[in-house]
Amino acid sequence: MKKLFFFLLLSQTLHAQHIYDFDYMLEYKNKIDSTKLISNPTYLVNSNANNYFVLIYKKDSLNIDLHFGEMNGKKQPRVFSTVNAMDFIVNKSIFVSCEAIMYASEYPFKYKVKDYYFENLKDTLIENVSYYHYTIKSNRSLKYQKRNNIDQFHYIVDKNSNSFLPYFTHQTVYEKYITDKKLIPNGILKIKYYTNWENKITNKWVLEKITPVKKELIIPEDCD
């Protein structure tokens, strides 16, 4: 993994740059298998822009792994790097060197979007609090879903955060959202879980902590 360079930008001016802003940090815990590499993922998100996010998770006692992804455009930047945990916490601005960036082309599997659909389910009650509940499902046969290990993704969403855009870490789901925005309620993701073709839960993450932040990731626009 390539290294990032961190700067607390004061009077320094950077030219030809792309800035991604983040206003919340969301920390989740895996309730099915805590031994997985990314068992307790943390996301940096922008509540007003859901076409990008940062995923971070603990690597060792001093470092974290950081993944950044943009999901729009014909040239989508990707960053995969190990960074010092304290540097990440202390600094507001994350300046990415060109060496740390890879670029993906426009999402090549858009043709698969038609194989999925969103469905709003009955609200879920958790500790006497009502949450939105929606899912994305395959419209292929159960035989096909079983053969290809296709899960349904379920989203349990806070009703009292309507200005918070939904965010998705799987690009096929994001592409489907772009075409069906009006079907999906806004709100902070409280719980995400997967169910298989037998409707059995295979994985589950629960929001443990949400923290307002002011962070930015900066990518030079002149990188190849």
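Residues numbered from 1 in each chain as written. Predicted model: local features only at pLDDT ≥ 70, side-chain atom pairs only at ≥ 80, totals over all residues. Heavy atoms only, no water.

## Concerning the environment of Pro 166
- The topology assignment puts Pro 166 in the loop between strand E12 (152–158) and helix H3 (171–179).
- A relative accessible area of 3% places Pro 166 in the buried class.
- Sequence spacing of Pro 166 and Asn 40 is 126 residues, and the spatial spacing of their C-alpha atoms is 20 Å.
- In this view, Pro 166 contacts Asn 50, Tyr 134, Tyr 177, Ile 184, Pro 185 and Asn 186; residues no more than four positions away in its chain are not counted. (Helix = DSSP H or I, 4+ residues; strand = E, 2+ residues; numbered from the N terminus. Buried < 20%, exposed > 50% of the residue type's maximum accessible area, 1.4 Å probe, protein only. Contact = heavy atoms within 4.5 Å.)

## Overview of the side chain of Asn 51
- Relative to the helices and strands, Asn 51 resides in strand E4 (residues 49–58).
- Here the side chain of Asn 51 touches Glu 70 through a polar contact of 2.8 Å, side chain to side chain.
- The contacts of Asn 51, once residues within four sequence positions are left out, are Gly 69, Glu 70, Met 71, Asn 72 and Tyr 174. (Polar contact = N/O pair within 3.5 Å; in protein donor to acceptor, adjacent residues only side chain to side chain.)

## Let's talk about the nonpolar core
- One finds Leu 26, Tyr 28, Phe 118, Tyr 155 and Phe 168 to be the most contacted residues of the largest nonpolar core, which totals 26 residues.
- Of all the secondary-structure elements, those providing two or more residues to this core are strand E2 (17–30), strand E3 (42–46), E4, strand E11 (129–138), E12, H3, strand E13 (189–195) and strand E14 (201–220).
- Ignoring anything within four residues of it in the chain, the contact list for Leu 26 reads Pro 41, Thr 42, Tyr 43, Val 45, Phe 164, Tyr 167, Ile 188, Leu 207, Lys 209 and Ile 210.
- If you look at the next biggest cluster of nonpolar residues, it comprises 23 residues, including Ala 49, Ile 64, Phe 88 and Ile 101. (Core = buried A, V, L, I, M, F, W, Y, C linked by side-chain atoms within 4.5 Å.)

## Examining the environment of Leu 183
- Structurally, Leu 183 is set in the loop between H3 and E13.
- Separated by 65 residues in sequence, Leu 183 and Phe 118 have C-alpha atoms that sit 7.4 Å apart.

## Points about the state of the cysteines
- Inspection of every chain in the model, using the stated rule, returns one disulfide.
- Covalent S-S linkage joins Cys 98 and Cys 223, the inter-sulfur distance amounting to 1.9 Å. Because the torsion about its S-S bond is -80°, the bridge between Cys 98 and Cys 223 counts as left-handed. Of this pair, Cys 98 sits in the loop between strand E7 (93–95) and strand E8 (101–105) while Cys 223 sits in the segment after E14, and the two are 125 residues apart along the sequence. (Disulfide = S-S within 2.5 Å.)

## Examining unusual backbone geometry
- The phi dihedral of Asn 128 falls on the positive side, at around 65°, and the residue is not glycine.
- Of note, Asn 128 is situated in the loop between strand E10 (124–126) and E11.
- Even without being glycine, Asn 199 reaches a positive phi, approximately 70°.
- Following the sequence through the fold, Asn 199 ends up in the loop between E13 and E14.

## Considering a nonpolar patch on the surface
- Together, Met 86, Ile 89 and Val 90 line one region of the surface with nonpolar side chains, adding up to about 320 Å² of accessible area.
- Looking at the secondary structure, you find Val 90 in helix H1 (residues 85–90). (Patch = residues over 30% accessible without salt bridge, like charges linked within 9 Å, V, L, I, M, F, W, Y side chains within 5 Å. Areas by Shrake-Rupley, 256 points an atom, 1.4 Å probe, with all protein chains shown as cover. Salt bridge = Lys/Arg side-chain N within 4 Å of Asp/Glu carboxyl O.)

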